[in-house]
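Structural characterization, general
Residue strings, one per chain:
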Amino acid sequence: MRIALSQFTSGPEPEKNLALIEDETHRAAAAGARVVVFPEASMACFGTPLAPIAQPLDGAWADAVRAIAAAAGTVVVAGMFTPAPHGRVANTLLATGPGVEATYDKIHLYDAFGYAESDTVAAGSRIVTIDIDGVRMGLATCYDVRFPELFRAHADAGAVSTLLAASWGAGPGKREQWDLLVRARALDATLWVAAVDQADPAAGGVVAHSSVPTGIGHSMVVGPDGTVRAGLEAEPGLLIAELDVDEVAAVRKKTSVLANRRLGLAS
């Protein structure tokens, strides 16, 4: 399966970010991608007051993404913010396009490295997979990458890939952690991990608020054996990659980490 990862820098205005999503989706579709994945916070960058810009799933922003996906004939996965109780929002991935309509609310909130996402965001609780052309893929968001059980749950649900959207926080050692964690999750669950981050704002000439997670770039596609098959640098770019679905079964036969588990299994 051919997929696309759109590494871009979102701004604070949802309408302007929609224009970027439309352009990138048509570029991906022209390259033959069956799905194009955009970063977490594609609707509006972190550092923007989230409650005022959050919209319901039947709102104008989500409907515009649906129209873009329908016009391009490809599935779009993009990060947005939806209203949640008590003035909070949900950090939501919208997956929409031919034969696909699903949403995933980020389960693990980024309360780390001096940032408290849970101050304004309500955690999700559902594990979500989607099927594209008969290929099952799990959905995950940013800080989720530190929790291998989610990726194993995708594999247990029949997924051969996880689509991971992020707006990774910068800082000492954070790029090395991003690389290590994405590759480790592919090995943990013996599946493909397609990880798209927001581009590093500085690489695109954008001045970002230093205390919020606005992305470092370095999106990548990692095979089920943990090797990086394709990747980008810090600046904006569109990554096109092929996922060999049959390779998952071959790797699982050789490295049987899922079958050999002894802890955390239901009795």
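Okay, so let's go over this structure. (Residues numbered from 1 in each chain as written. Predicted model: local features only at pLDDT ≥ 70, side-chain atom pairs only at ≥ 80, totals over all residues. Heavy atoms only, no water.)

**Quick word on the nonpolar core**
Just so we agree on the cut-off: By convention a nonpolar core is built from buried Ala, Val, Leu, Ile, Met, Phe, Trp, Tyr and Cys residues, the set being connected through side-chain atoms within 4.5 Å. The rule is simple: take the accessible area with a 1.4 Å probe, protein chains only, and divide by the maximum for that residue type; under 20% is buried, over 50% is exposed, in between is partly exposed. Only heavy atoms matter for contacts: two residues are in contact if any of them lie within 4.5 Å across the pair.
Ranked by internal contacts, the top residues of the largest apolar core, which has 52 residues, are Ile3, Val77 and Ile130. Sequence-distant contacts of Ile130, that is, excluding residues within four places in its chain, are made with Val77, Ala95, Val100, Ala102, Val135, Arg136, Met137, Leu139 and Leu163. Ala28, Ala33, Val36 and Leu109 belong to the second largest nonpolar core, which has 34 residues in total.

**Considerations on the packing of helix α4 (residues 148-156) against helix α5 (residues 174-189)**
The following threshold applies: Angles here are taken between N-to-C directions and fall from 0 to 180 degrees, while the axes themselves are lines fitted to C-alpha atoms, restricted in helices to the stretch in contact. Secondary structure elements are defined from DSSP: runs of H or I of at least 4 residues count as helices, runs of E of at least 2 residues count as strands, and each element is numbered from the N terminus. Each angle receives one of four descriptions, namely roughly parallel if under 35 degrees, roughly antiparallel if over 145, roughly perpendicular if within 65 to 115, and oblique otherwise. By the definition used in this description, the sense in which the near helix is turned from the far one sets the handedness, with an anticlockwise turn below a right angle giving left-handed and a clockwise turn giving right-handed. Lys, Arg, Asp and Glu make up the charged group, whereas Ala, Val, Leu, Ile, Met, Phe, Trp, Tyr, Cys and Pro make up the nonpolar group; the residues left over, Gly among them, are polar.
As a packed pair, α4 and α5 sit with axes 9 Å apart at the nearest point and diverge in direction by 45°. Considering their axes alone, α4 and α5 lie oblique with respect to each other. In this structure, α4 meets α5 at a crossing whose hand is right-handed. From α4, Pro148, Phe151, Arg152 and Ala155 reach across to α5, where they touch Arg185, Asp188 and Ala189. Tallied by class, the residues present in the contact of α4 with α5 amount to four nonpolar, no polar and three charged.

**Regarding the packing of aromatic side chains**
Heads up, the condition is: The aromatic pairing rule takes the rings of Phe, Tyr and Trp, using the six-membered ring of Trp, and pairs them if the centres are within 6.5 Å, calling planes under 30 degrees apart stacked, those over 60 edge-to-face and the rest tilted.
Evaluation of the coordinates by the stated rule reveals seven aromatic pairs. Here Tyr110 and Phe113 contribute two aromatic rings whose centre-to-centre distance is 6.4 Å and whose plane-to-plane angle is 25°, an arrangement assigned as stacked. Tyr110 sits in the buried class, given a relative accessible area of 11%. Here Trp168 and Trp178 contribute two aromatic rings whose centre-to-centre distance is 5.1 Å and whose plane-to-plane angle is 50°, an arrangement assigned as tilted. Note that Trp168 is positioned in the loop between β11 (161-166) and α5 and Trp178 in helix α5, a separation of ten residues in sequence. As far as burial versus exposure is concerned, Trp168 and Trp178 are alike and both buried.

**A short note on the state of the cysteines**
This is how it is decided: In this description, the term disulfide denotes a pair of cysteine sulfurs within 2.5 Å.
Within the structure shown, the criterion is met by zero disulfides. Not part of a disulfide, Cys45 finds its nearest cysteine sulfur in Cys142, a span of 14 Å. Relative accessible area serves as the criterion here: at 17%, Cys45 is assigned to the buried category. Look at Cys142 and you get buried, because its relative accessible area is 5%.

**Details of the sheet that holds β11**
Where we set the bar: Pairing between two strands is assigned when DSSP locates at least 2 bridges connecting them.
Judged by pairing direction, the sheet is mixed, and its six strands sit side by side in the order β9-β10-β11-β12-β13-β14 without closing on themselves. Each edge of the open sheet is held by one strand with a lone partner, namely β9 (129-132) and β14 (228-231). Pairs of neighbouring strands in the sheet enclose a mean axial angle of 20°, with direction left out of account. Sheet topology places β9 next to strand β10 (residues 135-141); four bridges connect them, and they run antiparallel. Counted as the bridge partner of Ile132 is Val135 from β10.

Keep in mind that these numbers describe shape and distance, not what the molecule does.
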